[in-house]
Amino acid sequence: MVGRNSFTYVALLIILVACVITPTAFYVRNLMEVNLKGVIDVKPSTKIIDVEFNVDSEEGERSVSLGSLYIPSGNVVVRGKLTSYEGNFTLILSGELLLRSGTHSYKILMPCLASIGGHCYRIMMLIPGYDAPLTVTEGDYNATLTLRWSAGGVGKFSLKLVLEFSESVSNTASISVIGVKPGSTDGWIVAENSTRSYSMLASRVSPTSTLVWVWIFDPHNVSDYLLTLEVVDVASGDAVSESIVNMFRDGVYWSVLVEVNASTLDRYLIRATFKDVVMGVIID
């Protein structure tokens, strides 16, 4: 009797354990499936090249290969800036940048890159790629830099060249370099913060066009000036156009004449900035 009851108890226990450890069946289906396929094509935004440039003759010329450079379709412009110098010497430095692909070639002339202890004179005409943007076709280009100099004395200097790129986009305003200075400034508006050492003048010549002249007094001619020009919509406070331009050497002055076209703006601010100086004039 005891043995039979024990057998029955063990049998029930086995059935109970089996029920506990048996997994419960669930209905599973996929709600979403994502397949990712990627292509990595990250090109360096800036190519940095160091060039050792030793001048050991009064006059000369040297060409340097800068290697291959990918340029998208758009506009390019070269900016040159003398960053430092020391010693007792004179230097007039000019050059050109040649960009050549399998189908296209562009030559950017760069007069008066540096003028230390002397005066550099250039033809007063706009140079695409130097004074104004140059439109180029997309491609891989071999870049060659050619430098020409006239020098004397002993010293050293540092010069930075930057090739800037901008896409071809349509803005509500445009800024274009058109010359060195106007023939007359009768009736022109003098910008706020103008002084005897630097000044900006403006004249609205049509409902959509304004001429702007900026000059800076610099009798020593030991540095160049990059001028930042902005057009600001007075109603919104937003800058609708911006351009960095090289100024021309004009005797003891740096000077540039630009045209601002703002066909969709009734009232706008033109702002000029160089170094820590800001000048502005509102066009009504």
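Residues numbered from 1 in each chain as written. Predicted model: local features only at pLDDT ≥ 70, side-chain atom pairs only at ≥ 80, totals over all residues. Heavy atoms only, no water.

A.B. asks: I keep staring at the side chain of Asn75 and nothing clicks. Help me out?
C.D. replies: As for its placement among the helices and strands, Asn75 is situated in strand β2 (residues 74-100). Engagement of the side chain of Asn75 in a polar contact is seen with the side chain of Thr135, the distance being 2.8 Å. (Helix = DSSP H or I, 4+ residues; strand = E, 2+ residues; numbered from the N terminus. Polar contact = N/O pair within 3.5 Å; in protein donor to acceptor, adjacent residues only side chain to side chain.)

A.B. asks: Whenever I open this one, the nonpolar core confuses me. Can you help?
C.D. replies: The nonpolar side chains of a soluble globular protein tend to be buried with one another. Grouped together as the largest cluster of nonpolar side chains are 31 residues, with contacts concentrated most on Met200, Val212, Val214, Leu227, Met247, Val256 and Tyr268. Broken down by secondary-structure element, the contributors of at least two residues to this core are β6 (174-179), β8 (198-204), β9 (209-217), β10 (226-233), β13 (253-261), β14 (268-274) and β15 (277-283). Contact partners of Val212, with chain neighbours within four places excluded, come to Trp188, Met200, Leu201, Ala202, Val256, Leu257, Val258, Val260 and Ile270. Among the nonpolar cores identified, the runner-up in size contains 28 residues, and Val78, Ile108, Ala114 and Val136 belong to it. (Core = buried A, V, L, I, M, F, W, Y, C linked by side-chain atoms within 4.5 Å. Buried < 20%, exposed > 50% of the residue type's maximum accessible area, 1.4 Å probe, protein only. Contact = heavy atoms within 4.5 Å.)

A.B. asks: I would appreciate a short explanation of the state of the cysteines in the present structure.
C.D. replies: Here a disulfide denotes a covalent bond joining the sulfur atom of one cysteine to the sulfur atom of another. For the coordinates displayed, the defined rule picks out 1 disulfide. Paired by a disulfide, Cys112 and Cys120 hold their sulfur atoms 2.0 Å apart. Here the disulfide of Cys112 and Cys120 is left-handed, its torsion about the S-S bond being about -85°. You can call Cys120 buried: its relative accessible area is 8%. (Disulfide = S-S within 2.5 Å.)

A.B. asks: Help me understand the sheet that holds β15, please; the structure alone is not making it clear to me.
C.D. replies: Whether parallel or antiparallel, the strands of a sheet pair through hydrogen bonds between backbone atoms. Within the open sheet, the 4 strands sit side by side as β11-β10-β14-β15. Their pairing is antiparallel. Where the open sheet ends on each side, the last strands, each with one partner, are β11 (239-246) and β15. Taken pair by pair, the neighbouring strands of this sheet meet at an average axis angle of 15°, ignoring direction. (Pairing = 2+ DSSP bridges. Axes fitted to C-alpha atoms, helices over the stretch in contact; angles between N-to-C directions.)

A.B. asks: Would you take a moment to explain the pattern of salt bridges for this structure?
C.D. replies: Opposite charge on two side chains makes pairing possible when the charged atoms of those side chains draw close. According to the stated counting rule, one finds 9 salt bridges in the structure shown. Notably, a salt bridge pairs Glu96 with Lys107, separated by 3.9 Å at the nearest N-O pair. Remark: Lys107 occurs in strand β3 (residues 105-116) and Glu96 occurs in strand β2; sequence separation between them is 11 residues. (Salt bridge = Lys/Arg side-chain N within 4 Å of Asp/Glu carboxyl O.)

A.B. asks: I keep staring at the environment of Gly74 and nothing clicks. Help me out?
C.D. replies: The residue Gly74 is located in strand β2 in this model. Note: C-alpha distance between Gly74 and Glu167 (93 residues apart in sequence) is 4.7 Å.

A.B. asks: How do you make sense of the environment of Thr228 when you look at a structure like this?
C.D. replies: Summarising the element assignment, Thr228 is placed in strand β10. The spacing of Thr228 and Phe274 is 46 residues in sequence and 6.5 Å in space, taken between C-alpha atoms. Beyond its immediate sequence surroundings of up to four residues, Thr228 is in contact with Glu242, Ser243, Ile244, Arg271, Ala272 and Thr273.

A.B. asks: Quick question: what am I supposed to make of the packing of aromatic side chains here?
C.D. replies: Aromatic ring pairs are defined here through the distance separating the ring centres and the angle between the ring planes. Tallied over the full model, the rule gives 7 aromatic pairs. Seen from their ring centres, Tyr106 and Tyr141 are 6.0 Å apart, and the 50° between their planes marks the pair as tilted. One end of the pair, Tyr106, is in strand β3; the other, Tyr141, is in strand β5 (residues 139-166), with 35 residues separating them in the sequence. Classification of Tyr106 as buried rests on a relative accessible area of 13%. The class of Tyr141 is buried, set by a relative accessible area of 1%. Between Trp215 and Tyr253, the aromatic rings sit 5.5 Å apart at their centres with planes inclined by 90°, giving edge-to-face as the arrangement. Taken together, the residues span a long stretch of sequence, with Trp215 in strand β9 and Tyr253 in strand β13 at a distance of 38 residues. Exposure remark for Tyr253: the relative accessible area of 34% places this residue in the partly exposed category. (Phe/Tyr/Trp six-rings, centres within 6.5 Å; stacked < 30°, edge-to-face > 60°.)

A.B. asks: Explain the pairing of β2 here, please?
C.D. replies: Note on strand geometry: in a regular strand, side chains alternate between the two faces of the sheet. Bridge analysis of β2 against strand β4 (residues 134-136) gives 3 bridges, and the strand direction is antiparallel. Across the sheet, Gly74 pairs through a bridge with Val136, a residue of β4. Judged from the 25 bridges that link them, β2 and β5 form a sheet pairing that is antiparallel. Residue Asn88 lies in a different strand from β5, and its bridge partner there is Val154. Across 9 bridges, β2 lies against β3 in antiparallel orientation. When the bridges of β3 are listed, Leu93 appears paired with Ala114. Between β2 and β3, which follow one another and run antiparallel, lie 4 residues.

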